Structure formats: structure tokens, C-alpha cells
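The residues making up each chain are set out below.
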Amino acid sequence: MKHWYDHAIIYQIYPKSFQDSNNDGIGDLNGIRKRIPYLKKLGINAVWLNPVFVSPQVDNGYDVSNYFAIDSHMGTMQDMENLIHDLHQAGIHVIMDFVLNHTSDQHPWFQDAIKDPNSIYRDYYIFAGHDNQRPNNWGSFFGGSVWQADPANTGQFYFHLFDKRMPDLNWKNPEVRHAMLEVAEYWLKKGIDGLRLDAFIHIAKADLRQSYPTKNNSSKPVVAEPFFANLPQVQEWLRPFCERIKQDYPECLLLGEAASANVNLAVDYTTKRNHLMDSVITFRYFTEKDDDVNKDFPANYQPKQLDMTAFKQNQTVWQQTLAGISRPVLYWGNHDMARLRTRVAKNNVEAESLAMLMYLQRGIPIIYYGEELGLQNLKFDKVEQFNDKTVKDFVQAAQDAGLSYEDAVEMASQTHKLPARGPMPWNNEQYHGFSSVTPWLDGEKRDQACVVEEENNLESVLNFYKKMIALKKEPLFQDGNYYMLATDEKSYIYQRKLGDEEAIVAVSLSSEKEQVTIPTVFNNELLKAGQYNLNNGNLTLMPYAGVVLKKQSKE
Ligand code: GLC
Ligand code: CA
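A quick note: this is a predicted structure, and the numbers were derived from the prediction, not measured.

Details of the sheet that holds strand S7 (residues 147–149)
Taken in spatial order, the 3 strands line up as S6-S8-S7 in an open sheet, and their pairing is antiparallel. Edge positions in the sheet fall to strand S6 (127–128) and S7, since each of these pairs with one other strand and no more. In this structure, S6 lies alongside strand S8 (residues 157–159), joined through 2 bridges in antiparallel fashion. Pairing of phenylalanine 127 across the sheet is with tyrosine 158, part of S8.

Overview of the site of ligand 1
Around ligand 1, the structure places Asp59, Tyr62, His102, Phe142, Phe162, Met166, Arg196, Asp198, Glu257, His335 and Asp336. Interatomic distance of 2.5 Å between a side-chain N/O atom of aspartate 59 and an oxygen atom of ligand 1. Within the side chain of aspartate 336, an N or O atom sits 2.5 Å from an oxygen atom of ligand 1. The fraction of the free accessible surface of ligand 1 (310 Å²) that becomes covered by protein chains is 94%.

Thoughts on the coordination of the calcium ion (ligand 2)
Only Asp20 (OD), Asn22 (OD1), Asp24 (OD), Ile26 (O) and Asp28 (OD) from the protein coordinate the calcium ion (ligand 2), and they sit 2.2 to 2.3 Å from it. We note that the donor set of the calcium ion (ligand 2) lies within a single chain, spaced as D-x1-N-x1-D-x1-I-x1-D. Asparagine 22 sits in the partly exposed class, given a relative accessible area of 48%.

Focus: the domain arrangement of the protein chain
Annotation of the protein chain at the domain level lists domain 1 (4–102 + 174–208 + 223–468), domain 2 (108–159) and domain 3 (480–551). In this structure, domain 1 and domain 2 have C-alpha centres spaced 29 Å apart. Contacts between the two partners involve 17 residues from domain 1, matched on the other side by 15 residues from domain 2. Buried surface at the junction of domain 1 and domain 2, summed over both partners, amounts to about 1,300 Å²; 77% is from carbon and sulfur atoms. When the buried area of domain 1 at its contact with domain 2 is split by residue, Leu208, Val223 and Phe228 rank highest and sum to 39% of it. At the boundary of domain 1 and domain 2, one finds 0 salt bridges. Counting every contact that joins domain 1 to domain 2 gives 1 residue pair in polar contact (both at pLDDT 80 or more). When residues of the side of domain 1 that touches domain 2 are traced back to their parent elements, those giving at least two are helix H5 (174–189) and helix H6 (225–228).

Examining the nonpolar core
Grouped together as the largest cluster of nonpolar side chains are 156 residues, with contacts concentrated most on Tyr11, Phe200, Leu238 and Trp332. Take this core: its biggest share by element is 8 residues, from H5.

Thoughts on helix H11 (residues 348–359)
For H11, spanning 12 residues, the distance from its first C-alpha to its last is 16 Å, which sits close to the expected 16 Å at 1.5 Å a residue. In terms of burial, H11 is a largely internal element, 10 of the 12 residues being buried. Of the residues making up H11, those classed as buried are Glu350, Ala351, Glu352, Ser353, Leu354, Ala355, Met356, Leu357, Met358 and Tyr359. The residue sitting at the N-terminus of H11 and contributing the capping side-chain oxygen is asparagine 347; that oxygen lies 3.2 Å from the backbone nitrogen of valine 349.

Re the sheet that holds strand S14 (residues 481–484)
Pairing in this open sheet of 5 strands is antiparallel, and the strands run S14-S15-S16-S21-S18 from one edge to the other. A strand with exactly one partner marks an edge of an open sheet, and here the two such strands are S14 and strand S18 (522–529). The mean angle between the axes of side-by-side strands here comes to 20°, regardless of whether they run parallel or antiparallel. Taken together, the 5 bridges between strand S16 (residues 501–508) and strand S21 (residues 546–551) define a ladder with antiparallel strand orientation. Each bridged residue has a counterpart across the sheet, and for alanine 506 the counterpart in S21 is valine 547. Each of S14 and strand S15 (491–498) is contacted by helix H9 (residues 308–322), which is oriented at about 15° to S15, the strand it contacts most. This element, helix H15 (residues 461–472), spans S18 and S21 of the sheet and lies at about 135° to S18.

Concerning the environment of threonine 287
Along the chain, threonine 287 turns up in the loop between strand S11 (279–281) and H9. Judged by relative accessible area, which is 34%, threonine 287 ranks as partly exposed. In this structure the C-alpha to C-alpha distance between threonine 287 and glutamine 305, which are 18 residues apart in sequence, comes to 8.8 Å. Other than its neighbours up to four places away in sequence, threonine 287 contacts Gln305, Leu306, Asp307, Ala310 and Asn314.

Reading guide: rules and limits
- Residues numbered from 1 in each chain as written.
- Chains lettered and ligands numbered in written order.
- Predicted model: local features only at pLDDT ≥ 70, side-chain atom pairs only at ≥ 80, totals over all residues.
- Heavy atoms only, no water.
- Pairing = 2+ DSSP bridges.
- Helix = DSSP H or I, 4+ residues; strand = E, 2+ residues; numbered from the N terminus.
- Near = heavy atom within 4 Å.
- Polar contact = N/O pair within 3.5 Å; in protein donor to acceptor, adjacent residues only side chain to side chain.
- Areas by Shrake-Rupley, 256 points an atom, 1.4 Å probe, with all protein chains shown as cover.
- Donors = N, O, S within 2.8 Å, 3.2 Å for Na, K, Ca; no water.
- Buried < 20%, exposed > 50% of the residue type's maximum accessible area, 1.4 Å probe, protein only.
- Domains from an automatic or database assignment.
- Contact = heavy atoms within 4.5 Å.
- Buried area = accessible area lost by both parts, 1.4 Å probe.
- Salt bridge = Lys/Arg side-chain N within 4 Å of Asp/Glu carboxyl O.
- Core = buried A, V, L, I, M, F, W, Y, C linked by side-chain atoms within 4.5 Å.
- Expected span 1.5 Å × (residues − 1).
- Axes fitted to C-alpha atoms, helices over the stretch in contact; angles between N-to-C directions.

This is the structure in C-alpha cells:
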């Protein structure tokens with residue numbers, strides 16, 4: 001059966017940073033609505049909105065205190081309904097973020113659970129330990145222990161994989177599974193077209209009595225992934241959930257965030273016979289080199305180069321293994337990582353070439369807002385701007401190792417997720433047409449990227465993305481099979497084939513002029529980034545240039 005999402009081209013919108021409509025410095029739903037013509041011109045056919053539910057905003061909306069209402073900063077339920085309606089009118093599908101692993105500590109369930117240890121909501125969360133002794137040494141993704149003392153002073157602790165104000169739900173409890181299904185169906189009934197299942201791989205936890213073995217048996221918390229990621233119960237508990245959704249809403253795209261999933265788990269999560277998800281987003285595509293890392297202080301926020309060989313290996317493996325199973329997700333960035341143009345691409349030509357090689361592979365593109373402009377991470381100059389203890393620790397350690405404060409903060413600015421969530425630049429006015437007041441996330445813009453100027457410049461990254469998206473819609477790039485042609489470090493060349501149609505995508509990964517040989521029949525240019533020269537199968541690519549060449553049809 002054909003589904004709309006087989007050919008989805010998704011644009012990820014971070015609602016707080018896209019467009020402010022009421023000038024409070026925070027992007028909102030009416031702002032997005034105002035920009036529908038832009039989305040339509042870009043050519044995408046779906047948007048994924050990061051969470052817009054009621055939230056104390058400890059983690060910018062991933063801490064939900066009411067799943068059935070819209071956060072007042074974002075707008076109202078009526079605004080959301082209008083947005084869904086207008087996006088649909090424009091032929092754009094709507095995917096909402098669905099935060100199922102945890103709630104906010106302000107959620108009434110959790111409030112009830114800590115007010116009354118006999119509350120039925122106690123078992124909606126994970127309470128363990130006794131006499132103020134933590135059950136184990138597991139560490140949180142956001143630093144420190146996963147265990148936080150029960151505010152009710154029972155001597156127990158509650159479990160949180162992320163911030164301590166984001167307690168994990170207890171999916172072992174059938175009531176929780178039922179309640180979360182109700183939330184999902186509530187939104188699907190409003191007409192949305194897909195759910196991005198946030199951090200779903202973490203809903204099952206191993207036996208809480210086991211500490212993670214460490215070298216010196218210290219009680220220092222360790223991020224014990226194997227104890228809380230991809231356990232078999234994840235599939236067991238989500239299967240009825242996904243089956244039910246597909247039964248009621250067969251056109252609902254189920255897109256799972258599976259950060260640490262390898263390709264075999266991706267097969268498990270997306271093969272039809274398992275009745276789980278349609279596609280998963282893995283973080284495994286991007287392996288970084290540690291050649292440039294200064295060993296005198298922690299590596300976490302030091303800029304690193306992408307390991308292109310590992311990247312190429314990963315891509316081939318994912319393309320091959322998922323062929324006939326499901327569609328890989330294709331992306332270069334999201335709200336949890338530094339922007340493509342800051343993290344990998346040294347200039348706009350390279351950014352375009354990397355986009356070309358990624359998105360014309362087989363799979364579902366997810367383009368992170370602003371990426372289509374060549375937008376970079378914001379520049380922060382104070383450690384406080386990150387609002388993150390791990391950055392504070394990093395900068396301190398770097399300074400202790402002899403770095404200046406400015407250099408250490410700059411490293412974090414280039415690598416941290418928060419500066420990748422900057423306001424969308426629409427024009428060249430103050431605050432770039434995003435708002436008429438200082439945006440919620442204030443940092444210095446590093447680049448010239450802005451919509452109005454790029455719209456008027458045929459050579460802009462924006463115009464490149466429009467052409468690339470149009471090309472992606474062709475059946476050859478949607479359904480054609482895929483194989484990698486070049487295996488060296490300096491180029492990325494693959495072929496797509498569908499029936500008689502064939503094309504080659506050839507990109508240089510080198511800072512020097514590159515020569516490659518391709519079959520002479522590929523001589524019909526469909527798209528290019530930078531400059532190249534083609535002479536009888538001899539392809540010369542200028543630094544970081546790329547080209548898509550189609551096979552000349554017979555006659
Ligand atoms: C996901 C989100 C991330 C969030 C976390 C907790 O990984 O992408 O932004 O912090 O889940 O909800
Ligand atoms: Ca606003």
C-alpha cells in the first residue's frame with residue numbers, strides 16, 4: 001500500500017525560533033502560519049514541529065505538564081487547529097513531537113505521586129531505593145545521577161534519564177501505556193499526519209538493583225546505556241500502541257527517535273512484520289575524528305572533524321540493509337546538534353554538496369530550519385548563555401588547561417546544541433524579521449544568511465535547496481535503487497537506478513581539484529554545487545563541488 005509518507009520531504013521547525021507573531025521574542029504557531037507561503041515555495045511536503053504542549057520549558061517543551069493543551073507562549077488550541085488546517089490547504093503534512101518517555105515534574109500525575117505516596121499515580125513513575133540510598137550508579141544524559149530524592153521525604157528516589165525536572169514514566173504499568181495512547185489519539189483526531197516518538201528507545205529499564213560495572217567500583221554515576229536503551233520490552237510495549245494507531249489512522253507516519261540504534265535495531269524497529277514504526281532517526285551516522293582533540297581537557301565540546309570514511313561506511317550499510325525494509329531518515333542536523341554549516345561544511349559550496357549527497361540517497365529527508373540558508377550556530381560569548389552545567393565544567397577545565405575563557409566559550413558555541421536553535425533570519429532588519437524585540441535566544445549571528453536576500457540571488461544556498469528538493473521528488477530519487485561507486489576518502493559518488501532511468505551523484509570531499517572517471521553516458525546535468533568540468537567521462541570537480549548527472553536517454 002502506498003502512503004503519503006513514502007515520499008515525505010520533512011522540514012523541522014523549532015517553533016520557538018521560527019517566527020514571532022506577537023512580539024514577545026518567542027516564536028509561535030501564528031508565526032509559523034504566516035510563513036506557510038515560504039514553506040510551500042521551498043517545496044517540502046511535511047513539517048515536524050518540536051513540542052508545543054504546555055510546559056515549564058526546562059527543556060524547551062520536552063518537559064510536558066499537559067499533553068492536551070498548547071503552551072501559552074505558542075498560542076492557543078484554536079491557533080493549532082488553524083495551523084493544521086492551513087498547512088493541509090498548502091499540501092503540507094503535520095508531524096508532532098510526542099514525548100512519551102517522561103513528563104514534567106509539574107505534570108499533575110507526578111504532583112499527585114509526590115503528594116501522596118499511596119496515590120495510584122505513584123506507579124506512573126519509577127520510584128526506588130530506601131533510607132536515602134540510591135538503588136544504583138546509573139547516570140543521567142544531562143549529568144549526575146538518574147536518581148533524585150523523592151520530595152515527599154520517603155527516603156526513596158525517582159528516576160530521570162534527562163533533567164531532574166523530567167521524571168521518567170513507568171511504561172511497565174499498563175495504565176501508563178493506555179494513557180499515552182489516549183494522548184496520541186487525541187492529536188491524531190485533530191488531523192495531524194504523524195508522530196515523532198521522542199526518545200522511545202529508553203522506555204524500558206533493566207533490573208534497577210544492578211549497578212553498571214566500572215573499573216574502580218566507584219559510586220560515581222555512569223551513563224549506563226545498555227541498561228536503559230533498546231531493551232526488548234521497548235518493542236513489546238510499543239507494538240500494541242503502534243498497531244492500534246495504524247489501525248485507527250493508517251496514514252499516520254510513525255517516526256521514532258532512536259539515537260543509539262544501530263542498523264540491525266533499525267531493521268527491528270521498522271520492518272513491517274514487527275508492527276512498530278515506519279522509520280527511525282539514528283545518531284549513528286556521524287562519527288567524529290579525535291585527531292584535533294586537546295587531551296588536556298574534556299573532549300565533549302571541542303570541535304572535531306567528521307570522519308568521512310566512517311560516514312561513508314555508515315551510509316552504505318544503512319542504505320543497503322534497509323533496502324526493501326524501510327526508508328532511512330536522511331538528515332544533517334537537528335535541534336540536538338551543531339548546525340551543518342558550523343559542524344561540517346567550511347563554506348556554502350560544501351554545504352550544498354553535502355546536502356546533495358545526503359538527500360538524494362534513498363530515504364526521507366529531514367531539513368532543519370535555516371539549513372536551507374546555510375545558517376550557522378549563533379556565537380555566544382558568555383558561559384551563562386548555554387544554561388548548561390556541562391558547558392560550565394568544560395570551560396573551567398579548558399581554562400585550567402591554559403585556554404582563554406573566550407576560546408573555550410567559542411568551542412562550545414561551535415559544538416553545543418543551543419546555539420543551533422537561533423532565530424530564523426527572514427530579512428536584514430534588526431532581529432532579522434523574526435521579532436521586533438530581543439529574541440528568547442540571544443546570540444551573535446555569524447553569517448549573512450537571510451531569506452529575502454537569498455530569494456533574490458540565483459546562486460544562493462536557498463535556491464540550491466529548492467532545486468534539490470524538486471529533484472528529490474522525481475521517482476528516480478525516491479524509489480530508485482542505490483549503490484556507492486567510489487570508496488576513496490576524497491569523493492562521494494553513488495548511482496540511482498529505476499527502470500531505464502539512471503543518475504550519478506558525484507561530490508568532492510576535498511579542498512583540492514579532484515578528477516574522477518564516470519561512464520560517458522552520464523552527461524546530462526540535473527543539479528550542481530560549485531564548479532565542475534565534464535569531458536568524455538572525465539569529471540573534474542573544483543574543491544567541494546558536486547554534480548548530479550543523468551544518463552542520456554536512448555534515441
Ligand atoms: C530528545 C530530544 C531532546 C530532548 C530529549 C528529552 O532526545 O530531541 O531535545 O532533550 O529527547 O526529551
Ligand atoms: Ca510570540
